[in-house]
Amino acid sequence: MVSAALAAFALMAAPTVQAQTAAPAPKRYAAPTAEAVAAARAKRVYDTVQPPNPTIVRPSLDNKRTANGLALTPPMGWNSWNKFGCKALTEQVVRDTANEMAANGMRDAGYAYLILDDCWAGPRDAQGALTADPKKFPSGMKALGDYIHAKGLKFGIYSDAGKLTCAKQPGSQGHEYQDAMSFASWGVDYLKYDWCHTGSRNTEEAYALMADALRATGRDIVFSICNWGVDRPTEFDRSLPWEWGMKIGNLWRTTSDIRNDWQGRVRFGLGVLDIVDKNEPLYPYAGPGHWNDPDMLEVGVNKNEGLTSEEQRSHFSLWAMMAAPLIVGADLTIMDDATRTILLNKDVIAVDQDRLGAQGRRVRDDGDLEVWSKPLADGGRAVLLFNRSGAPARIATKWSEHGYPDALRVAVRDLWAHRDLGRIKGGFSAEVPPHGVVMLRVKP
Ligand code: GLA
């Protein structure tokens with residue numbers, strides 16, 4: 001059951017979602033109990049969590065605070081973590097990736113942000129300022145930012161709200177304004193802000209403080225909140241970033257880290273299906289400028305070890321249905337045609353980037369066979385027939401499941417076959433491969 005707060009919020013703040021047919025109770029999401037949420041809320045007494053420190057500017061926690069007007073559609077780009085992790089991230093990797101993005105069609109398809117994840121930093125200097133690791137990034141961050149910009153791309157970087165990042169590099173706690181100024185001076189356009197080594201810090205306060213610091217630079221910087229929602233590994237305060245994220249940042253992680261696998265948790269890593277089932281019920285929180293972030297794409301990452309091609313197509317389609325940020329994790333210098341065909345499917349990207357900004361959701365759940373619907377700005381819907389089972393299956397949907405009269409003749413386009421199928425009355429049915437999807441765009 002989704003919490004009462006979530007339901008109330010949906011009524012209050014998401015008129016576009018209200019217009020859809022009534023939401024079925026999500027089956028798989030283990031929502032925190034009302035008592036756990038109340039206990040977490042009661043703990044949010046900011047000045048007792050961190051004693052007032054005259055050297056740290058207090059964040060604005062005004063309820064009417066809004067985010068920065070950026071990311072009106074879900075951010076698209078590339079991030080180093082899924083493939084290169086900590087050790088293999090170097091300046092050369094970033095330059096090669098920038099060259100590829102500009103040349104291989106990705107930039108022109110909308111993948112704008114090139115984001116360096118953890119492990120770019122060296123030690124702080126004598127003034128306490130962040131520096132780049134001199135061995136891995138010999139030209140420094142300003143030169144790298146200039147290179148990325150010269151390729152027509154935007155520059156993203158990573159830091160952490162704790163004293164250290166998850167890979168134990170310098171974090172931004174106590175240096176928020178100083179670090180924001182460094183980022184701005186390097187030309188940073190996007191900050192992913194992680195949640196390791198934060199001790200007893202209050203989440204909302206910590207993220208609000210960095211949001212204020214970014215705003216104070218005067219530069220447009222997309223703010224990506226990486227707080228993992230209820231999946232925080234060590235703390236009992238179950239922060240729900242979707243409840244406060246939209247007044248502070250542009251996107252917030254809703255789960256722990258994605259693994260290159262279809263299903264199952266391994267330590268902090270979750271398979272695609274596990275993430276889908278946690279992120280789907282949060283659809284009322286998404287909208288222009290503020291997105292649920294179910295983590296980065298595994299499409300094309302270590303190809304034969306994780307997801308099959310069919311599963312990669314489903315992963316990409318589901319992320320588009322959920323209006324998720326599309327942040328690619330593959331090594332672009334060895335990208336093959338199969339990966340390219342998925343990542344550059346403009347019909348599917350258009351669903352993700354639709355300017356209405358509604359997150360799609362399940363409208364029918366017959367166990368392993370599901371029907372999803374996402375309202376689009378032109379009055380149409382993206383429709384996904386999703387077969388979670390290990391055998392091919394026929395899945396049928398009626399137009400009434402998408403808010404249209406069944407008698408309507410609706411124009412149907414198949415987004416993976418790139419074929420217009422004409423005007424169809426009543427609904428649609430198709431044979432769907434195991435772990436596969438059929439994705440349509442329909443318009444009355
Ligand atoms: C956390 C984040 C990941 C990645 C790593 C880097 O696990 O959730 O996305 O940024 O840290 O150390």
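Owing to the predicted nature of the structure, the values given are computational and were not obtained by experimental measurement.

Caption draft 1: Molecular detail of the pairing of strand β12 (residues 369-375). Within β12, 6 of the 7 residues are buried, which leaves it mostly tucked inside the rest of the structure. Taken together, the 5 bridges between strand β11 (residues 361-366) and β12 define a ladder with antiparallel strand orientation. Paired with Arg364 across the two strands is Val371, which belongs to β12. As consecutive antiparallel partners, β11 and β12 are separated by 2 residues, and within that stretch Gly367 has a phi angle of approximately 70°, a positive value.

Caption draft 2: Summary view of helix α8 (residues 140-150). Residues Met141, Leu144, Gly145 and Ile148 constitute the buried set of α8. Each buried residue of α8 lies within a common arc of 105° when the element is viewed along its axis, so the set occupies one face. Summarising the contacts, the buried residues of α8 are in contact with α6 (91-103), β2 (113-115), β3 (154-160) and α9 (176-186). One or two steps after α8, the chain reaches Gly152, where phi turns positive at roughly 80°.

Caption draft 3: Representation of the nonpolar core. If you look at the biggest cluster of nonpolar residues, it comprises 108 residues, and the most contacted ones within it are Leu114, Leu191, Tyr207, Met210 and Leu384. Considering every element that reaches this core, the biggest residue donor is helix α10 (residues 203-216), with 8 residues. Here this core gathers at least three residues from each of two domains, domain 1 (28-352) and domain 2 (361-443). Setting aside anything within four residues of it in sequence, one finds Tyr207 in contact with Ala161, Tyr193, Ile225, Ile248 and Gly249.

Caption draft 4: Focus on the pairing of strand β18 (residues 437-443). In terms of burial, β18 is a largely internal element, 6 of the 7 residues being buried. As judged from the 6 bridges shared by strand β13 (residues 381-387) and β18, these two strands associate in the antiparallel manner. In the sheet register, Arg381 faces β18, and the bridge partner there is Val442. Summarising the sheet, strand β15 (residues 409-414) and β18 pair through 4 bridges and their orientation is antiparallel. What sits directly across from Ala411, in β18, is Lys443.

Caption draft 5: Representation of the site of the ligand. In the neighbourhood of the ligand, the contacting residues comprise Trp81, Asp117, Asp118, Thr165, Cys166, Ala167, Asp194, Cys226 and Asp257. Grouping the amino acids of the shell around the ligand by side-chain chemistry returns 4 nonpolar, 1 polar and 4 charged.

Caption draft 6: Structural detail: the confidence of the model for the protein. The share of residues in the protein with pLDDT of 70 or more is 85%, and the mean pLDDT across the chain is 89. With pLDDT under 50 throughout, residues 1-22 is counted as low confidence; its partners more than four residues away or in other chains account for 27 contacts. Taken as a whole, residues 24-29 scores under 50 in pLDDT and shows 10 contacts with residues more than four places along the chain or in a different chain.

Thresholds, definitions, all that
- Residues numbered from 1 in each chain as written.
- Predicted model: local features only at pLDDT ≥ 70, side-chain atom pairs only at ≥ 80, totals over all residues.
- Buried ≥ 20, exposed ≤ 12 C-beta atoms within 10 Å, placed from the backbone.
- Helix = DSSP H or I, 4+ residues; strand = E, 2+ residues; numbered from the N terminus.
- Pairing = 2+ DSSP bridges.
- Arc of directions from axis to C-beta.
- Contact = placed C-beta atoms within 7 Å.
- Core = buried A, V, L, I, M, F, W, Y, C linked by C-beta atoms within 7 Å.
- Domains from an automatic or database assignment.
- Near = placed C-beta within 6 Å.
- Nonpolar A, V, L, I, M, F, W, Y, C, P; charged D, E, K, R; others polar.
- pLDDT = per-residue confidence, 0-100.

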